[in-house]
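Okay, here's what each chain looks like letter by letter:
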Amino acid sequence: MQKRKQILAMSNSSAFFVEPPDPPCLARYLVGLTGKERPVIVHVGAANGDSSEKVSKFCDLGRRAGFDPRHLNLFALEDDNPDTFFKGADAVYVDGGSTRNLRTLLREWSADDALRRAYERGVVLSGASAGANIMFEWGMTDSVKTRIEAIRGIGLLKGTISVHSDARSDRGEALERHLGGADATYPAYALEDGTALHFEDDAFARALAIKTGACVSIDEYGNGATPAQVEDLSLINAADIL
């Protein structure tokens, strides 16, 4: 029986790497998506230069959320065969940072194609911020900190994503400009920090949050954005909605 294809796209990495005593709701949700008691999850930290601090935090998160961590360091590869990058993985987490740098590194090492193949065979993909951007056809990025602009992702999912939608007022303006141009793609998703989107077999399944009141809006066909129903993981058991 073929596995479902699943993607968990998160607005911000701090919602994934929550500090104790807060529970790691999104990490546990990702573990649940794999269907494994203790899955292997591969961390891709290229967007932030494979920060040793984030690697350490990922290991700690594995202990708290119940998964075995592995790391793909594109700055210190021991094997450049893309088929080995996600071999044996149950899920992949692509961390945040610079979307432009992440996209460039993934392409240079053919890790974008490796991600696509992993997705097609049922490995659960997840990402936050830049890691979410690259999953879509287009994402809104501040890779140049003085402006927000659209950048092409690897297109595993149709449409456009705008993460951190509540962080800067010009993010909404930049999304509107992009959707008014020739490269506009729909659906368009705007995520406030603390929220995530779960996709099953390329289709939007549900919006999630780790805090009450966090919002997600969706513009399906260019007729204007409407608020999505958001399921608050801080109030329920993630297993109850899987």
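Residues numbered from 1 in each chain as written. Predicted model: local features only at pLDDT ≥ 70, side-chain atom pairs only at ≥ 80, totals over all residues. Heavy atoms only, no water.

Peer 1: Looking at this structure, I do not really get the environment of Ile210. What am I missing?
Peer 2: For Ile210, the location among the structural elements is in the loop between strand 11 (203–209) and strand 12 (216–219). A residue is classified by how much of its surface remains accessible, and Ile210, at 23% relative accessible area, is partly exposed. It is 9.7 Å that separates the C-alpha atoms of Ile210 and Val18, two residues lying 192 residues apart in sequence. Ignoring anything within four residues of it in the chain, the contact list for Ile210 reads Ala15, Val18, Cys25, Leu26, Gly194, Asp232 and Ser234. (Helix = DSSP H or I, 4+ residues; strand = E, 2+ residues; numbered from the N terminus. Buried < 20%, exposed > 50% of the residue type's maximum accessible area, 1.4 Å probe, protein only. Contact = heavy atoms within 4.5 Å.)

Peer 1: Help me understand the side chain of Asp193 in this model?
Peer 2: Looking at the element boundaries, Asp193 is found in the loop between strand 9 (188–191) and strand 10 (195–200). As a buried residue without a salt bridge, Asp193 has its nearest oppositely charged side chain in Lys211, at a separation of 6.6 Å. A polar side-chain atom of Asp193 sits 2.8 Å from a polar atom in the side chain of Ser11. Beyond its immediate chain neighbours, meaning those up to four positions away, Asp193 contacts Ser11, Asn12, His164, Asp166, Lys211 and Ala214. (Lys, Arg positive; Asp, Glu negative; His and termini not counted. Salt bridge = Lys/Arg side-chain N within 4 Å of Asp/Glu carboxyl O. Polar contact = N/O pair within 3.5 Å; in protein donor to acceptor, adjacent residues only side chain to side chain.)

Peer 1: Got a minute to help me understand the pattern of salt bridges in this structure?
Peer 2: Note on pairing: side chains with opposite charge can pair once their charged atoms come close. This structure, assessed with the given rule, holds 18 salt bridges. Between Glu149 and Arg100 there is a salt bridge whose closest N-O contact spans 3.1 Å. A residue pair is termed long-range when its members are at least 10 positions apart, and Glu149 in strand 7 (residues 149–152) and Arg100 in helix 4 (residues 99–108) qualify at 49 residues. Accessibility expressed as a relative area gives 37% for Arg100, which makes it partly exposed. Taking the shortest distance from any N to any O, the salt bridge between Arg168 and Asp170 comes out at 2.7 Å. Taking relative accessible area as the criterion, Arg168 reaches 26% and is therefore assigned partly exposed. If you follow the salt bridges from partner to partner, you end up with Arg4, Glu200, Arg206 and Glu231 in one network.

Peer 1: Any chance you could explain the sheet that holds strand 2 (residues 40–44) here in plain terms?
Peer 2: In sheet architecture, strand pairing relies on hydrogen bonds along the backbone and comes in two forms, parallel and antiparallel. Read from one edge to the other, the open sheet built from eight strands follows the order 3-2-4-5-1-10-11-14, with strand pairing classed as mixed. Only two strands of the sheet have a single neighbouring strand rather than two, namely strand 3 (68–72) and strand 14 (230–232). Strand-to-strand, the axes of this sheet are offset by a mean angle of 25°, without reference to chain direction. Where strand 10 and strand 11 come together, six bridges link them in antiparallel fashion. Each residue of the ladder has a partner; that of Phe199, found in strand 11, is Phe204. (Pairing = 2+ DSSP bridges. Axes fitted to C-alpha atoms, helices over the stretch in contact; angles between N-to-C directions.)

Peer 1: Can you help me understand the pairing of strand 12 in this one?
Peer 2: Along any regular strand the residues' side chains alternate between the sheet's two faces. Note that strand 9 and strand 12 share four bridges and pair antiparallel. Looking at the pairing, Ala188 lines up with Asp219 of strand 12. The pairing of strand 12 with strand 13 (residues 226–227) spans two bridges and is classified as antiparallel. Residue pairing in the sheet places Ser217 in a bridge with Pro227 of strand 13. As consecutive antiparallel partners, strand 12 and strand 13 are separated by six residues, and within that stretch Gly222 has a phi angle of approximately 90°, a positive value.

Peer 1: In this structure, what is going on with helix 3 (residues 52–65)? I would like to understand it.
Peer 2: End to end, helix 3 covers 20 Å across 14 residues, agreeing with the expected 20 Å (1.5 Å per residue, within 8%). Turning to helix 3, its buried residues are Lys54, Phe58, Leu61, Gly62 and Ala65. Taken around the axis of helix 3, the buried residues stretch over an arc of 105°, which confines them to a single face. Of the residues in helix 3, the exposed ones pointing more than 90 degrees away from the buried face are Ser52, Glu53 and Arg63. Along its buried surface, helix 3 packs onto helix 1 (13–16), helix 2 (25–34), strand 2, strand 3 and strand 4 (91–94). For helix 3, the side-chain oxygen to backbone nitrogen distance between the N-cap and Glu53 is 3.3 Å, and the N-cap itself is Ser51. (Expected span 1.5 Å × (residues − 1). Arc of directions from axis to C-beta.)

Peer 1: I'm lost on the packing of helix 2 against helix 3 in this one. Help?
Peer 2: A pair of packed helices is captured by two measures, namely the crossing angle of their axes and the spacing between those axes. At their nearest, the axes of helix 2 and helix 3 sit 10 Å apart, and the two run at 70° to each other. Comparing the axis directions of helix 2 and helix 3 gives the class roughly perpendicular. Considering how the two elements wind past one another, helix 2 and helix 3 form a crossing that is right-handed. Together, Ala27, Arg28 and Val31 of helix 2 and Leu61, Arg64 and Ala65 of helix 3 make up the contact between the two elements. Considered class by class, the residues forming the contact of helix 2 with helix 3 number four nonpolar, no polar and two charged. (Parallel < 35°, antiparallel > 145°, perpendicular 65-115°, else oblique. Left-handed = near helix turned anticlockwise from the far one by under 90°. Nonpolar A, V, L, I, M, F, W, Y, C, P; charged D, E, K, R; others polar.)

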